[in-house]
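# Understanding the architecture of this molecule
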Amino acid sequence: MSDKSYQIALLPGDGIGPEVIAEAVTLLDAVSEACGFRITYTENAAGGAAIDRYKDPMPDSVVETCQAADGVMLGAVGGPAWDHHTGDMRPESGLLKIRRELGVFANLRPVAVPASLAEASPLRPEAVAGTDMLVVRELTGGIYFGEPRGRSGEPGNEDAFNTMRYTTPEIERVARVAFAWARKRRGRLCSVDKANVLVVSQLWRDVVTKLGAEEYADVELSHMYVDNAAMQLVINPGQFDVIVTGNLFGDILSDAGATLGGSLGLLPSASLGATRPGLFEPVHGSAPDIAGQSKANPIACILSAAMMLDDLGEEKAASGLRAGVEGALDEGLRTADLGREGRESVSTREMGEAILVHARKVI
Ligand code: IPM
Ligand code: MN
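Conventions adopted
Residues numbered from 1 in each chain as written. Chains lettered and ligands numbered in written order. Predicted model: local features only at pLDDT ≥ 70, side-chain atom pairs only at ≥ 80, totals over all residues. Heavy atoms only, no water. Helix = DSSP H or I, 4+ residues; strand = E, 2+ residues; numbered from the N terminus. Rg over C-alpha atoms; globule rule 2.2 N^0.38 Å. Buried < 20%, exposed > 50% of the residue type's maximum accessible area, 1.4 Å probe, protein only. Contact = heavy atoms within 4.5 Å. Salt bridge = Lys/Arg side-chain N within 4 Å of Asp/Glu carboxyl O. Domains from an automatic or database assignment. Buried area = accessible area lost by both parts, 1.4 Å probe. Polar contact = N/O pair within 3.5 Å; in protein donor to acceptor, adjacent residues only side chain to side chain. Nonpolar A, V, L, I, M, F, W, Y, C, P; charged D, E, K, R; others polar. Near = heavy atom within 4 Å. Pairing = 2+ DSSP bridges. Axes fitted to C-alpha atoms, helices over the stretch in contact; angles between N-to-C directions. Phe/Tyr/Trp six-rings, centres within 6.5 Å; stacked < 30°, edge-to-face > 60°. Lys NZ or Arg CZ within 6 Å of the ring centre and 35° of its normal.

The helix and strand inventory of the protein chain stands at 12 helices and 12 strands. At 20 Å, the protein chain has a C-alpha radius of gyration in line with the 21 Å of a compact globule built from 363 residues. Each of the three principal axes of the protein chain carries a C-alpha extent, and together these read 50 × 50 × 50 Å. For the protein chain, the proportion of its 363 residues judged to be buried stands at 52%. A fraction of 75% describes how many contacts in the protein chain between residues 6 or more apart in sequence connect residues 24 or more apart.

Shown next, in the form of structure tokens:
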């Protein structure tokens, strides 16, 4: 066994977060051992759990632990217990803080619908089968972070505002990531904006167009307004290869994309910056209604762990996890979110165990 070892910061968070992180850790332990490297973990509260413990959804000490790690895995944050909180005391603002502090500006959300899942889709199976796209969402700018922002006035006559703004360098760096992925995939990039209305989108489009012409002429670049993109995702998802878009549009389109495969419980993400660590989190939320019942689908979190292994250069271990997920799905196992009328569904643990069995076959 080599002495290669990685330090991973775990932020299980709230709701189903701890359950899906637990499955990912079991899988990470197994594939790392089989592939000859070691993973050690730190674990910290985040989101609502951190509000309860520290009165802060993302204390600086937790941020520092994360910054010192090789990768950060987050489960989910938020829930009804903290819904009355506002501003910096919301669980979600802890998530935005860790994204900002890690500088993870490019959020990769792969949306693939294998044939075995096409029947779980709310759309016609033939409309979604074979969908395979990558949404590259800008993650540390745009309206999520734009200043000024505020709320003022008296009840009954208030005024509230956010600011959607992007600079040329912010657009360029995320567009570069997207162009590079398009090159590695099927050579097509669709940039999504609202340039018919928003000046920030007009800059976005100009910058992406210029970069494409100057440095990525081999990539076929197209542009689409976000309203049309939402519709195209539903009527003809197969047309997309790589999509690049801003923070808010990417948030919305990736949820729409996720439902193509029948469940948000399948969609992983990797958020990467100029340096490690990256932040790896399932796209789904904390699902408080099913928390603690072993009903959650661990696949999105396990596939997020696979994206982390890729980032660490441990491709063999990553492909073991992916093969494990594929094997379990092909075998017909489904958690409740993917449930079909009249068929049994498996628990979070059972799905994790099945994925492990299938992963072991290839590593
Ligand atoms: C996501 C989530 C977050 C976001 C929330 C929880 C802050 O919806 O990762 O898509 O809006 O980015
Ligand atoms: Mn979202």
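Having put the structure on the table, let's press on.
One pass over the full model with this rule turns up 23 salt bridges. Of the charged contacts in the structure, one is a salt bridge between Lys4 and Glu314, with a shortest N-O distance of 2.5 Å. Of this pair, Lys4 sits in the segment before strand S1 (5–13) while Glu314 sits in the loop between helix H10 (299–311) and helix H11 (315–330); the two residues are 310 residues apart in sequence, bridging distant segments of the chain. Taking the shortest distance from any N to any O, the salt bridge between Glu215 and Arg176 comes out at 2.5 Å. Linking Glu215 in helix H7 (residues 199–215) with Arg176 in helix H6 (residues 168–184), this pair joins segments that are 39 residues apart in sequence. Glu215 gets classed as partly exposed once you look at its relative accessible area, which sits at 37%. One network of salt bridges, with partners in common, ties together Asp132, Arg185, Arg186 and Asp241.

When the parts of a complex come together, some accessible area is lost, and that lost area is often used as the size of the interface. Segmentation of the protein chain into domains returns domain 1 (1–103 + 279–363) and domain 2 (104–273). The gap between the C-alpha centroids of domain 1 and domain 2 is 23 Å. Taken residue by residue, the interface counts 24 residues in domain 1 and 28 residues in domain 2. Buried area between domain 1 and domain 2, summed over both chains or domains, comes out near 2100 Å², and the portion from carbon and sulfur atoms is 63%. If you sort the residues of domain 1 by the area they bury against domain 2, Arg99, Val283 and Met307 come out on top, with a joint share of 30%. Taken together, the connections running from domain 1 to domain 2 amount to zero salt bridges. Summed over the shared surface of domain 1 and domain 2, the number is nine residue pairs in polar contact (both at pLDDT 80 or more). At the level of secondary structure, the elements contributing two or more residues to the side of domain 1 that touches domain 2 comprise helix H4 (91–102), strand S12 (278–280), H10 and H11. The biggest single contributor to the side of domain 1 that touches domain 2 is H10, with six residues. Class assignment of the residues belonging to the side of domain 1 that touches domain 2 gives a composition of 12 nonpolar, four polar and eight charged.

It is worth spelling out the site of ligand 1 at this point. The immediate surroundings of ligand 1 are formed by Glu92, Leu95, Arg99, Arg109, Arg137, Tyr144 and Asp251. Contact distances for ligand 1 include 2.7 Å between an oxygen atom and a side-chain N or O atom of Arg99. Between ligand 1 and the protein, one listed contact pairs an oxygen atom with a side-chain N or O atom of Arg137 at 2.8 Å. Considering each element in turn, the shell around ligand 1 owes the most residues, three residues, to H4. Residue assignment places the shell around ligand 1 across two domains, with domain 1 (1–103 + 279–363) and domain 2 (104–273) each supplying three or more.

What follows deals with the sheet that holds strand S2 (residues 38–43). Strand order across the open sheet formed by 10 strands is S2-S1-S3-S12-S11-S4-S5-S10-S8-S9, with mixed pairing between neighbours. At either margin of the open sheet sits one strand with a lone partner, and together these are S2 and strand S9 (220–225). Ignoring which end each strand starts from, the neighbouring axes of this sheet average 25 degrees apart. Judged from the six bridges that link them, S1 and S2 form a sheet pairing that is parallel. Residue pairing in the sheet places Ser5 in a bridge with Arg38 of S2.

Right, let's get into the packing of aromatic side chains. Counted according to the given criterion, the structure contains three aromatic pairs. Relative to Tyr216, the ring of Phe179 has its centre 4.5 Å away and its plane inclined at 5 degrees; by these criteria the two rings are stacked. Residue Phe179 is located in helix H6, and its partner Tyr216 is located in the loop between H7 and S9; the two are separated by 37 residues in the primary sequence. A cation sits over an aromatic face here: Arg137 above Tyr144, 5.2 Å from the ring centre.

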